[in-house]
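# Structural description and commentary
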Amino acid sequence: MKTQLRKGTLEMCVLAVLARQDSYVYEIVSTLAQSMDISEGTIYPLMRRLQADDWVSTYLVESASGPARKYYRLTPAGRDALASMRQEWGSFVAEINAVLGHARTEGEAP
């Protein structure tokens, strides 16, 4: 179940990271990896989709230690999408918590 929840929320998590600051894929993965199990291979297709949806834009920054890095920046449409996702997430969590709060497991005290 945790894997499916992660897949369903990864887009929102990436947008949230980019809302803090522009970033490149390795940095995004490193940030997310502090809280969840994630790999670069999972992020690249998502970043292409976010760019196609015009939720992120890209620019290159020269690197002293290798090739230029592609940075991703949240667009105004991406900020709007993130705000909507956060609202939906809050509603979803409240619904689940309401059910879990009313459901008692066998042997649990009232």
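Here's what I pulled together on the structure shown here. Residue numbers run consecutively from 1 along every chain, following the written order of its sequence. Reporting of local features is limited, given that this is a predicted model, to residues whose pLDDT is at least 70; pairs of side-chain atoms are given and counted only at 80 or more, and all residues count toward the totals for whole chains, interfaces and linings. As a convention, hydrogens and water are excluded, and side-chain values are obtained from all of the structure's heavy atoms.

## Thoughts on the pairing of strand β3 (residues 66-74)
Worth spelling out the cut-off: If DSSP finds at least two bridges between two strands, the strands pair. Only runs of H or I of at least four residues qualify as helices and only runs of E of at least two qualify as strands under DSSP, and these elements are numbered from the N terminus.
In this sheet, β3 lies alongside strand β1 (residues 23-24) in antiparallel orientation, the contact comprising two bridges. Bridged to Ser23 within β3 is Tyr72. Judged from the seven bridges that link them, strand β2 (residues 56-63) and β3 form a sheet pairing that is antiparallel. Directly across from Val56, in β3, lies its bridge partner Leu74. Remark: two residues form the turn of the hairpin made by β2 and β3, two consecutive strands paired antiparallel.

## Some thoughts on a nonpolar patch on the surface
We apply this condition: Patch construction takes residues with relative accessible area above 30% that form no salt bridge. Like charges are linked within 9 Å, and nonpolar side chains (Val, Leu, Ile, Met, Phe, Trp, Tyr) are linked within 5 Å. We get accessible surface area from the Shrake-Rupley algorithm with a probe of 1.4 Å; when it comes to residues, only the shown protein chains can shield them. Any carboxyl oxygen of Asp or Glu that lies within 4 Å of a side-chain nitrogen of Lys or Arg is treated as forming a salt bridge with it.
A cluster of nonpolar side chains, Leu5, Trp89, Phe92, Ile96 and Leu100, forms an exposed patch at the surface whose accessible area comes to about 450 Å². Sort the elements by how many residues they give to the nonpolar patch and helix α4 (residues 76-102) lands first, with four residues. Following the sequence through the fold, Leu100 ends up in helix α4.

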